[in-house]
Amino acid sequence: VDFKSFGAWAVAMELRKAEDELRQLSQCYNVLRKKRPRFSSSNGDPSGLDLPVVAEALPSLKDLRSGFKDEDLFPKVEEEATGDVGSNVPEQQEENGTVKMADTSNAYSEFGMCLSSGNAGEMEESNTNKNPFAKYAAKSIKKKFPAPTTNEPSTRVNEARSEEDEEMEDVAAIEDQSPHDILATLEDVKQRLDALEPKVAKLTSRLSERDPITKKPRYGSKSLSRVKDVIRSYKTLESGLKIAFGLEPNLVSRLRDSIRSHQEQVDQKLDATRTRQQLESERIAREQQEAKEREEAREREEKMRVLEEEAALARAAEEAKRRRLAEEQRLLDEERAADQELLDRVPVLGEQGVRDQIVRMRAALEDDRPALDMALGSLYTLFEQIVSKPEEVKYRRVRRDHPQFVADVGRHIGGREVLIAAGFKLEKLDGKPCFFSKEPHIESDMDGWSDWYDSLKKTLAVLEEEMIK
């Protein structure tokens, strides 16, 4: 891998980031100068506060930049050491009055390509020509880390600086903005500029450094120009912000005073509003009290009338309740009579009773063999589930009004009677009328449980025989 090219790319990227950040901060600075601090109309404009256009408190970047001299900004570059610097140092050559280093492809500097004043691509090409395997690494570096053109960032900085200066000439484009927003923008610009300070200090310190091997300056001529532009822009912005945040009274302190005074006026208006609201609340309270007294008198009259109506309604409700209870009793009597009638149709219980009821069913469905098969099949499935899992209550409980049960078994003569003959009882479970086969307690009544279970198995056997017929 060509580490020189990689080093040049890394330095160029760092420098480009600094240039872009300073360009954005310069634009923010210039936009701020066109702002006139004004509070929103909804809160009212505070009177007696001196809130001029920001440009009156902050000088332009052009004026600030003109006050700097290069000797004040940049450290002096040490003279290049003369004499024998060792056998590992490449020889210097004079060409057109300019010192030019000999080939250093085999003596890598700790600073890499960032020290070269020549074109990075040319040096890379010379390195790859000497090492046939290096060209593949160089191509990989180009794909992953494309180097920027040398002139592009510098050109963009100069164009941006020119545009910023031209924008400041347009004094007519003054805009109103909240002092809170202006103060927040100033503080954000200062914070971002402070974050750049270590990078700019590093760039500045490198101006006076030389490569320990080649003894050439750290930066080439084009990179040097770009670094100086970055330092000038940083110092210009730093100078402007020192004026904004410097000794009081300054722009920031005036903005804060304006915000505080405005808040005091807003608080005074809120206090006056609260006082008016309190007086209005007291008036409303008096009117409400008078209205309440009138309402209470009316309610007393209404209450007497309601009491009389309620007494009449209570008598009517009592009569309705009596009729409802009588109707419920009648329905209950009818239900009991129907249940008793069902039980009377099953004079014999057990295995013989089941056979008798199936005979009745066969006679009723003599002309409808599919219905008979469906009824016998449903009953067989029911008893098979009970016999296989006698502890499951859901198999031993059958709703009498369940649509599926009624369609398959309940609507046929002898269908419900089979369940009665097999030992099912008529009960209400969860408010629903059901056929229920109650399981005796196996521990306290082992004989009863055995008789109950044997009866179920006999019923299942009878059903199986009847299905075969």
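See the structure above.
Residues numbered from 1 in each chain as written. Predicted model: local features only at pLDDT ≥ 70, side-chain atom pairs only at ≥ 80, totals over all residues. Heavy atoms only, no water.

(A) Summary view of the sheet that holds strand S5 (residues 397-399). Here we have three strands laid out as an open sheet, ordered S5-S7-S6, and antiparallel in their pairing. Edge positions in the open sheet fall to S5 and strand S6 (425-429), since each of these has one partner strand only. Mean inter-strand twist for the sheet, computed between neighbouring axes without regard to direction, equals 40 degrees. Of the strand pairs in this sheet, S6 and strand S7 (residues 432-436) are connected by five bridges, and their pairing is antiparallel. (Pairing = 2+ DSSP bridges. Helix = DSSP H or I, 4+ residues; strand = E, 2+ residues; numbered from the N terminus. Axes fitted to C-alpha atoms, helices over the stretch in contact; angles between N-to-C directions.)

(B) Looking closely at the packing of aromatic side chains. In this structure the tally under the stated criterion is four aromatic pairs. For the ring pair tryptophan 449 and tryptophan 452, a centre distance of 6.1 Å and an interplane angle of 55 degrees mean the geometry is tilted. Placement of both tryptophan 449 and tryptophan 452 in helix H15 (residues 446-468) is noted, with a separation of three residues, approximately one turn of the helix. Note on tryptophan 449: relative accessible area 13%, which makes it buried. By way of ring pairs, the aromatic residues Trp449, Trp452 and Tyr453 are connected into one cluster. One Lys or Arg, lysine 190, reaches over the ring of phenylalanine 245 and ends 5.6 Å from the middle of that ring. Lying across the ring of phenylalanine 435, arginine 400 places its NZ or CZ 5.7 Å from the centre. (Phe/Tyr/Trp six-rings, centres within 6.5 Å; stacked < 30°, edge-to-face > 60°. Buried < 20%, exposed > 50% of the residue type's maximum accessible area, 1.4 Å probe, protein only. Lys NZ or Arg CZ within 6 Å of the ring centre and 35° of its normal.)

(C) Local environment of the pattern of salt bridges. If you walk through the whole model with that rule in mind, you get 35 salt bridges. Where glutamate 341 meets arginine 345, a salt bridge forms, and the shortest distance between an N and an O atom there is 3.5 Å. What makes arginine 345 partly exposed here is its relative accessible area of 27%. For aspartate 430, the salt bridge goes to arginine 397, with nearest N and O atoms at 3.5 Å. Of the two residues, aspartate 430 sits in the loop between S6 and S7 while arginine 397 sits in strand S5, which places them 33 residues apart along the sequence. Here the salt bridges share partners, and the residues they tie into one network are Glu341, Arg345, Arg360 and Glu417. (Salt bridge = Lys/Arg side-chain N within 4 Å of Asp/Glu carboxyl O.)

(D) Structural detail: the packing of helix H10 (residues 350-364) against H15. Between H10 and H15, the least distance of the axes is 9 Å, while the angle of their chain directions is 30 degrees. Of the possible angle classes, the one that applies to H10 and H15 is roughly parallel. Between H10 and H15 lies a crossing of right-handed hand. Between H10 and H15, the residues in contact are Glu351, Val354, Arg355, Ile358 and Arg362 and Lys458, Thr459, Val462, Leu463, Glu465 and Glu466, respectively. For the contact of H10 with H15, a count of residues per class yields four nonpolar, one polar and six charged. (Parallel < 35°, antiparallel > 145°, perpendicular 65-115°, else oblique. Left-handed = near helix turned anticlockwise from the far one by under 90°. Contact = heavy atoms within 4.5 Å. Nonpolar A, V, L, I, M, F, W, Y, C, P; charged D, E, K, R; others polar.)

(E) Structural context of the pairing of S7. As paired strands, S5 and S7 are joined by three bridges and run antiparallel to one another. Bridging from a neighbouring strand, valine 398 pairs with phenylalanine 435 of S7.

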